[in-house]
Number of protein chains: 4
Amino acid sequence: MAYFQARTDLALEAREYVEDANGALHGVVVEEYDVDEVEIHVTRVQITTKNGAKLLGKPMGTYVTLEVPRLTDMGESSDVGEQHREVAEEISRQLLELLPQVQECASVLVIGLGNRDVTADALGPAVIEHLCITRHMIKEYGKRAFSQENMTMVSSMAPGVMAKTGMETAEIVAGIVKETRPDAVIVIDALAARSTRRLNRTIQISNTGIHPGSGVGNHRNAITQEVLGIPVIAMGVPTVVDAATIVGDALEKMYKEVKEAAFLKARESVALTELNNMYVTAKDIDATIKRLSFTLAEALNITFGMEA
Amino acid sequence: MAYFQARTDLALEAREYVEDANGALHGVVVEEYDVDEVEIHVTRVQITTKNGAKLLGKPMGTYVTLEVPRLTDMGESSDVGEQHREVAEEISRQLLELLPQVQECASVLVIGLGNRDVTADALGPAVIEHLCITRHMIKEYGKRAFSQENMTMVSSMAPGVMAKTGMETAEIVAGIVKETRPDAVIVIDALAARSTRRLNRTIQISNTGIHPGSGVGNHRNAITQEVLGIPVIAMGVPTVVDAATIVGDALEKMYKEVKEAAFLKARESVALTELNNMYVTAKDIDATIKRLSFTLAEALNITFGMEA
Amino acid sequence: MAYFQARTDLALEAREYVEDANGALHGVVVEEYDVDEVEIHVTRVQITTKNGAKLLGKPMGTYVTLEVPRLTDMGESSDVGEQHREVAEEISRQLLELLPQVQECASVLVIGLGNRDVTADALGPAVIEHLCITRHMIKEYGKRAFSQENMTMVSSMAPGVMAKTGMETAEIVAGIVKETRPDAVIVIDALAARSTRRLNRTIQISNTGIHPGSGVGNHRNAITQEVLGIPVIAMGVPTVVDAATIVGDALEKMYKEVKEAAFLKARESVALTELNNMYVTAKDIDATIKRLSFTLAEALNITFGMEA
Amino acid sequence: MAYFQARTDLALEAREYVEDANGALHGVVVEEYDVDEVEIHVTRVQITTKNGAKLLGKPMGTYVTLEVPRLTDMGESSDVGEQHREVAEEISRQLLELLPQVQECASVLVIGLGNRDVTADALGPAVIEHLCITRHMIKEYGKRAFSQENMTMVSSMAPGVMAKTGMETAEIVAGIVKETRPDAVIVIDALAARSTRRLNRTIQISNTGIHPGSGVGNHRNAITQEVLGIPVIAMGVPTVVDAATIVGDALEKMYKEVKEAAFLKARESVALTELNNMYVTAKDIDATIKRLSFTLAEALNITFGMEA
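From a predicted model like this one, the values you see are computed outputs, not experimental measurements.

Criteria and cut-off values
- Per chain, residues are indexed from 1 in the order of the written sequence.
- Chain letters start at A and ligand numbers start at 1, both assigned in the order the entries are written.
- Since the coordinates come from a predicted model, pLDDT governs what is reported: local features require at least 70, and pairs of side-chain atoms require 80 or more to be given and counted, while whole-chain, interface and lining totals use all residues.
- Side-chain numbers come from the whole structure's heavy atoms, not from hydrogens or water.
- Starting at the N terminus, helices and strands are each numbered in turn, a helix being any DSSP run of H or I of at least four residues and a strand any DSSP run of E of at least two.
- Remark: exposure states derive from per-residue accessible area (1.4 Å probe, protein chains only) relative to the maximum for the residue type, with buried under 20%, exposed over 50%, and partly exposed in between.
- Throughout, a contact is declared for two residues whenever any of their heavy atoms are within 4.5 Å.
- Each accessible area value is a Shrake-Rupley result obtained with a 1.4 Å probe; residue values ignore everything except the protein chains displayed when judging cover.
- Two parts placed together each lose some accessible area; with a 1.4 Å probe, that loss summed over both constitutes the buried area.
- When a carboxyl oxygen of Asp or Glu is within 4 Å of a side-chain nitrogen of Lys or Arg, the pair counts as a salt bridge.
- Each polar contact in these results corresponds to two N or O atoms within 3.5 Å; when the atoms are within protein, one needs to be able to donate a hydrogen and the other to accept it, and residues that are neighboring in sequence are counted only if both atoms are side-chain atoms.
- All amino acids are sorted into three groups, where Ala, Val, Leu, Ile, Met, Phe, Trp, Tyr, Cys and Pro are nonpolar, Asp, Glu, Lys and Arg are charged, and the leftover types, Gly among them, are polar.
- In this analysis, the expected span of each helix is defined as 1.5 Å times one less than the number of residues it contains.
- We superpose the copies by least squares over the C-alpha atoms of residues that have a pLDDT of at least 70 in both of them.
- Paired rings are identified among Phe, Tyr and Trp, the last through its six-membered ring, by centres lying within 6.5 Å, and are further divided according to the angle between planes into stacked (under 30 degrees), edge-to-face (over 60) and tilted (the rest).
- For patch building, the residue pool is restricted to those with more than 30% relative accessible area and no salt bridge; the joining distance is 9 Å between like charges and 5 Å between nonpolar side chains (Val, Leu, Ile, Met, Phe, Trp, Tyr).
- For the purpose of counting charges, residues Lys and Arg are taken to be positive, whereas Asp and Glu are taken to be negative. His and the chain ends are not included.
- Here the site of a charge means atom NZ of a Lys, CZ of an Arg, CG of an Asp or CD of a Glu.
- What pLDDT reports is the predictor's confidence in each residue, on a scale of 0 through 100.
- All axes are obtained by fitting lines to C-alpha atoms, using only the stretch in contact for helices, and the reported angles, taken between N-to-C directions, cover 0 to 180 degrees.
- With respect to orientation, any angle under 35 degrees is reported as roughly parallel, any angle over 145 as roughly antiparallel, any angle of 65 to 115 as roughly perpendicular, and every other angle as oblique.
- Two helices that cross are described as forming a left-handed crossing if the nearer one is turned anticlockwise from the farther one by less than a right angle, and a right-handed crossing if clockwise.
- Two strands pair if DSSP finds at least two bridges between them.

A. Spotlight on the overall build of chain A. The helix and strand tally for chain A stands at twelve helices and nine strands. A burial count over chain A gives 61% of its 308 residues as buried. In chain A, of all internal contacts separated by at least 6 residues, the share reaching a separation of at least 24 is 74%. Carbon and sulfur atoms make up 49% of the accessible area of chain A, which totals about 12800 Å².

And the structure:
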């Protein structure tokens with residue numbers, strides 16, 4: 001058992017760190033495969049029982065993780081343009097599997113969570129910037145205004161963070177959903193991973209929505225189907241690791257080597273509390289967020305019928 | 001009668017251009033005075049009847065205009081700091097006269113309209129940036145968390161423009177108001193003036209809210225007390241003049257001099273339509289917006305009890 | 001003769017307004033043709049004598065103007081992606097004709113002029129953002145670090161405006177050129193047009209560099225081959241029209257219709273001076289600048305051998 | 001001896017971690033005192049010999065560190081305004097001690113280092129935004145244009161990072177200094193600390209300039225008096241800690257407790273290399289940078305005679 005609670009938003013990682021990791025866990029179904037052409041490794045974690053949810057500290061539902069080494073290698077040559085397109089298409093396929101309603105000309109509200117003034121947290125607002133927004137056009141002119149037939153009615157919002165609005169994001173989203181009545185909500189967010197190896201190259205899509213505090217406790221602040229009455233897809237990329245997690249994991253690793261009582265006592269001399277509200281991120285996070293936001297926006301535009 | 005419809009958001013200017021400008025207009029009460037210490041000229045236009053509303057093309061209600069030459073002269077010396085403070089205090093006084101409810105510890109939602117990516121339209125979002133947001137703190141810790149007693153519960157939102165959200169701003173605001181139940185809404189916006197002389201140095205505060213399309217026609221998109229059920233104050237500064245207005249007014253002026261039929265015909269050769277969706281603004285608009293947003297935010301912070 | 005000095009940065013427009021516009025002008029050679037596949041109209045104005053320079057108020061040299069109606073129509077569908085590519089390729093061809101040195105693996109410094117905080121003036125800094133910068137990589141690892149052979153060594157700088165730096169842009173550029181010794185300089189800037197019809201859809205490329213004050217007077221502030229000792233290409237898109245120019249041109253047009261003495265006197269009643277430091281721009285200038293900066297950056301990246 | 005090279009830009013911290021920390025070090029003179037009214041703790045580290053420079057891994061010179069707990073506590077009430085002013089005044093006093101030339105009406109170039117698109121690295125460009133720039137005004141109108149007598153001629157530049165310009169910052173600064181001939185350079189930068197306790201509340205001012213690579217090795221990239229021929233002051237605030245440093249220090253602490261061979265071997269199982277190019281920063285870094293940039297800019301404006 002870990003002496004500190006490591007934080008990860010990835011169900012994939014939560015699964016890896018549960019004790020009996022190699023064997024089967026009751027209530028957790030894991031399926032893996034590669035999409036060879038684009039070098040994407042897909043892991044599908046389904047949490048099917050309350051026991052599984054408790055074990056992984058995540059709500060019941062499906063979590064699809066795409067590990068895409070190319071995401072961090074991408075330059076700007078034309079070849080890269082194609083790779084980026086292929087990655088976006090695979091994301092779109094996975095998204096449609098979790099939210100088949102989109103294909104039927106639904107109306108979708110895309111929410112870009114996060115603080116646009118903190119680079120590592122700006123993924124959500126950045127994706128919104130590159131989306132093709134169509135709801136107002138379709139309401140005004142009908143679908144005939146567009147060349148595509150199967151087009152989704154898309155609206156979007158970057159609600160900002162509570163420190164700047166004074167409101168829970170969930171309150172804002174709930175209000176807008178009640179007023180504008182979309183058929184589904186897609187929430188884009190920057191995530192926290194446990195391992196720096198997964199930063200900026202892993203995409204998680206889930207049908208569980210957003211649960212502040214790891215899905216436990218009150219539901220007042222959740223952005224979920226339960227609260228909103230319509231499907232809620234969460235899509236994100238880990239861009240940070242909690243600073244305490246980095247240090248805690250290093251100490252844990254050492255303990256496994258040493259396995260001595262002296263170590264356990266010594267470990268207490270390392271104060272992790274002063275790392276509260278600190279996170280670890282990459283130095284080139286600005287270029288990374290820019291690139292990721294293009295790929296995710298393209299995936300959404302494809303899904304919504306805006307790109308041939 | 002003007003051959004084109006000049007646009008102005010200032011009731012003050014709408015009043016000036018109505019034919020019988022020197023005499024009294026039925027349903028329009030105008031009062032003027034100077035606040036000498038700060039060189040502010042205050043004009044209070046009250047539109048009291050439907051006839052007055054029709055004459056001025058603005059909804060019934062009270063429009064207070066503060067003309068502040070100093071707003072454009074301000075440098076950054078410490079003296080200027082004090083003048084800026086005095087201007088903010090006067091704005092706060094006028095605001096409280098229109099919205100006395102604020103003093104009674106109400107909860108207020110401040111909406112920053114406009115497009116943060118267009119400098120001349122970014123006033124609303126910029127003011128929001130400098131506000132002291134307290135709603136989430138007061139909900140969590142109570143008013144004791146603050147040194148002040150008479151504090152307002154402040155929340156804010158910059159909803160963005162329809163081209164980027166796909167939603168009417170009025171829909172977004174209505175949804176948030178229903179969900180978070182503030183006692184009043186204050187809407188900040190960049191305005192259009194008719195005269196370039198008024199740009200960046202004139203503040204208008206009104207209790208009529210926001211009426212797209214000059215207060216006529218459908219109410220679906222209005223941000224008003226009628227729609228929201230709570231008082232709505234609109235506060236703005238003109239930062240642009242419609243390009244067609246500039247040209248139209250120049251031609252108008254010439255016509256008054258010439259008064260010949262040939263002129264009327266010639267005037268038609270000047271196509272104003274290609275000026276659609278064009279506006280005139282000042283070259284130093286970035287520094288201007290920055291300065292104005294500080295002054296308006298300070299006025300609001302004073303009003304909400306956040307500055308001694 | 002015009003009673004006010006209309007400002008335009010486009011040699012094409014300067015040519016149009018010179019009296020004997022239909023006939024030949026001594027010292028000015030004009031050549032026009034269409035590039036049909038991409039619907040681009042190319043005008044090549046060469047000012048070959050001092051007389052021509054005086055007539056047009058522009059320094060001697062070659063000015064290539066590409067009029068691209070599609071630039072303002074572009075949406076974001078995949079078709080548009082291809083059109084945008086074709087436009088970028090044509091710009092690149094024209095650029096290489098004016099600066100054949102680039103193809104020989106030269107080192108080029110790209111300067112993004114303008115104020116990044118004023119939307120209509122931010123074209124230069126925005127183009128810089130999308131460039132592939134290679135000088136530091138090539139200096140560290142050699143050209144083998146890249147897959148392309150014929151690659152240019154690219155460096156860039158957005159020096160900011162004098163009000164923010166306290167220095168002439170020309171001083172900054174001269175200092176950097178002396179220290180880093182590029183073989184050529186390309187300067188990107190937002191321009192002023194005379195006609196709103198040309199805004200955001202016209203690209204001018206010239207080999208005359210940048211001459212503050214229309215090429216007359218002192219050379220201290222010029223960014224030119226004469227001053228720097230290396231070729232200087234200026235590339236820009238008109239994004240604004242001077243407010244006084246709009247009004248002045250409207251009055252001029254009327255005068256041509258009326259041709260009466262009364263008009264001349266009346267015209268003096270219209271004060272253009274209060275329009276000083278005002279400009280006219282489009283309401284969707286943010287989306288326009290974003291799109292234009294992608295196209296110009298792609299044109300440069302192609303030119304520098306960074307896109308197949 | 002540390003098994004990894006911890007990075008800190010603070011001479012104060014470098015001093016703390018040298019073995020014989022409690023006693024005297026040859027070539028390092030440390031002096032400490034409190035400025036009680038503003039709760040600032042000042043430490044003045046002078047490195048007076050080559051031996052001292054080697055011990056601390058920093059070039060010879062004077063490093064003044066101001067530890068200001070209030071910097072992180074600051075809210076936005078009017079009281080805070082005064083405290084912020086007092087802090088700025090103390091910074092200005094320390095700055096003038098290191099650079100007495102400024103008071104004699106010198107010309108100063110302020111360089112804002114760092115990447116404006118990475119929040120934790122944007123301190124330099126943010127400070128530049130709030131400076132009163134006067135060089136161009138004084139050159140045009142003389143000092144009489146200002147009310148103050150003892151005014152410094154101030155210019156500034158945010159040169160951007162090498163990944164975006166393709167040039168060493170030192171090349172850009174050297175070019176501009178040669179062309180515009182200021183009497184001194186002040187370089188503002190976000191720093192790396194070793195301890196998270198020092199983040200965002202510590203200001204270091206030194207007369208050693210900027211030495212990439214901890215002052216060792218080649219001088220090509222240095223921004224120093226030796227290279228530029230004029231005094232260079234560096235002023236910065238630590239906003240990040242290297243991720244490897246955080247983990248390395250935690251392991252080090254444990255080793256001191258355990259002191260066993262098994263530990264040394266175990267430690268090698270913790271790979272710090274994957275933390276390369278990662279850093280730790282605070283979650284509210286956007287608000288922090290904003291506040292710090294105001295305080296530092298005010299300190300500079302006071303120093304330059306722009307605030308009474």
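So much for the structure itself; the text now carries on.
B. Expanded view of the interface of chain A and chain D. With 38 residues of chain A in contact, the opposing surface of chain D contributes 38 residues. The junction of chain A with chain D conceals about 3200 Å² of combined surface from both sides, 65% of it contributed by carbon and sulfur atoms. Considering only the surface of chain A that becomes buried against chain D, Met-254, Tyr-279 and Lys-283 of chain A emerge as the three largest contributors, covering 20% of it. For the pair chain A and chain D, the interface holds four salt bridges. Of the charged contacts, one joins Asp-286 of chain D and Lys-164 of chain A as a salt bridge, the two residues approaching to 3.2 Å between their closest N and O atoms. Linking chain A with chain D are eleven residue pairs in polar contact (both at pLDDT 80 or more). Of all elements in the fold, only helix H10 (243-258), helix H11 (261-267), strand S9 (278-282) and helix H12 (285-303) of chain A reach the threshold of two or more residues within the side of chain A that touches chain D. In terms of residues, the side of chain A that touches chain D owes the most to one element, H10 of chain A, which gives nine residues. Here the residues of the side of chain A that touches chain D are counted per class, giving 19 nonpolar, seven polar and twelve charged.

C. Up close: helix H12 (residues 285-303) of chain B. If you check H12 of chain B, its first and last C-alpha atoms are 27 Å apart, about what 19 residues at 1.5 Å a residue would give, namely 27 Å. Here H12 of chain B lies mainly inside the structure; 16 of its 19 residues are buried.

D. Examining the interface of chain A and chain B more closely. Taken together, the contact between chain A and chain B spans 28 residues of the former and 28 residues of the latter. Each partner contributes to the roughly 2200 Å² buried at the junction of chain A and chain B, and carbon and sulfur atoms together form 54% of this total. The tally of links between chain A and chain B comes to four salt bridges. Glu-179 of chain A serves as the salt-bridge partner of Lys-178 of chain B, at 2.8 Å between the closest nitrogen and oxygen. Where chain A touches chain B, the interface holds twelve residue pairs in polar contact (both at pLDDT 80 or more). At the level of elements, helix H6 (135-141), strand S5 (153-157), helix H7 (162-165) and helix H8 (169-180) of chain A are the ones that each hand at least two residues to the side of chain A that touches chain B. Class assignment for the residues of the side of chain A that touches chain B results in eleven nonpolar, seven polar and ten charged.

E. The relation of the copies chain A and chain B, seen in detail. Overlaying chain A on chain B yields an RMSD of 0.0 Å, the required transformation being a rotation through 180 degrees with an accompanying axial translation of 0.0 Å. The relationship between the two copies is best expressed as a two-fold rotation axis. Taking C-alpha positions as reference, the residue of chain A nearest the rotation axis is Gly-175 of chain A, located at 2.0 Å. Same-surface contact between copies: 100% of interface residues of chain A are shared with the interface of chain B.

F. Focus on the relation of the copies chain A and chain D. Laying chain A over chain D is done by rotating through 180 degrees and shifting 0.0 Å along the axis; what remains is an RMSD of 0.1 Å. Same-surface contact between copies: 100% of interface residues of chain A are shared with the interface of chain D.

G. Expanded view of the packing of aromatic side chains. Counted by the stated rule, this structure contains two aromatic pairs over all chains. Residues Phe-294 of chain A and Phe-294 of chain C carry aromatic rings whose centres are separated by 6.1 Å and whose planes lie at 85 degrees to one another, so their mutual orientation is edge-to-face. Of this pair, Phe-294 of chain A sits in helix H12 while Phe-294 of chain C is found in helix H12 (residues 285-303), placing the two residues in two different chains. The class for Phe-294 of chain C is partly exposed, based on a relative accessible area of 28%.

H. Structural context of a negative patch on the surface. Residue and element names in this part refer to chain A. Together, Glu-32, Asp-34, Asp-36 and Glu-37 make up a region of like negative charge exposed at the surface. By secondary structure assignment, the location of Glu-37 is in the loop between strand S1 (28-35) and strand S2 (40-47). For Glu-37, a relative accessible area of 61% puts it in the exposed group.

I. View of the environment of Arg-197 of chain B. In this fold, Arg-197 of chain B is placed in the loop between strand S6 (184-193) and strand S7 (202-206). With 128 residues separating them in the primary sequence, Arg-197 of chain B and Pro-69 of chain B have C-alpha atoms 10.0 Å apart.

J. Broad picture of the confidence of the model for chain A. Residues and elements named next belong to chain A. Of all residues in chain A, 85% attain a pLDDT of 70 or more, and the chain-wide mean is 86. Residue range residues 214-218 is modelled with pLDDT below 50. Its contacts to residues more than four positions away, or to other chains, number two contacts. Here the prediction assigns the complex a pTM of 0.92, and the interface score ipTM is 0.89.

K. Seen up close, the packing of helix H8 (residues 169-180) of chain C against helix H8 (residues 169-180) of chain D. H8 of chain D packs onto H8 of chain C with a crossing angle of 120 degrees between their chain directions and a minimal axis gap of 7 Å. In terms of their interaxial angle, H8 of chain C and H8 of chain D are classed as oblique. The chirality of how H8 of chain C crosses H8 of chain D is right-handed. Of H8 of chain D, the residues touching H8 of chain C (which contributes Glu-171, Ile-172, Ala-174, Gly-175, Ile-176, Lys-178, Glu-179 and Thr-180 of chain C) are Glu-171, Ile-172, Ala-174, Gly-175, Ile-176, Lys-178, Glu-179 and Thr-180 of chain D. Residues that form the contact of H8 of chain C with H8 of chain D fall into these classes: six nonpolar, four polar and six charged.

L. The arrangement of the pairing of strand S6 (residues 184-193) of chain A in detail. Residues and elements named next belong to chain A. Taking burial as the measure, the ten residues of S6 include ten buried ones, the bulk of the element. Relative to S6, strand S4 (residues 107-112) runs parallel, the two sharing five bridges. The residue of S6 that forms the bridge with Val-108 is Ala-184. Pairing of S6 with strand S8 (residues 232-242) involves nine bridges; the strand directions are parallel.

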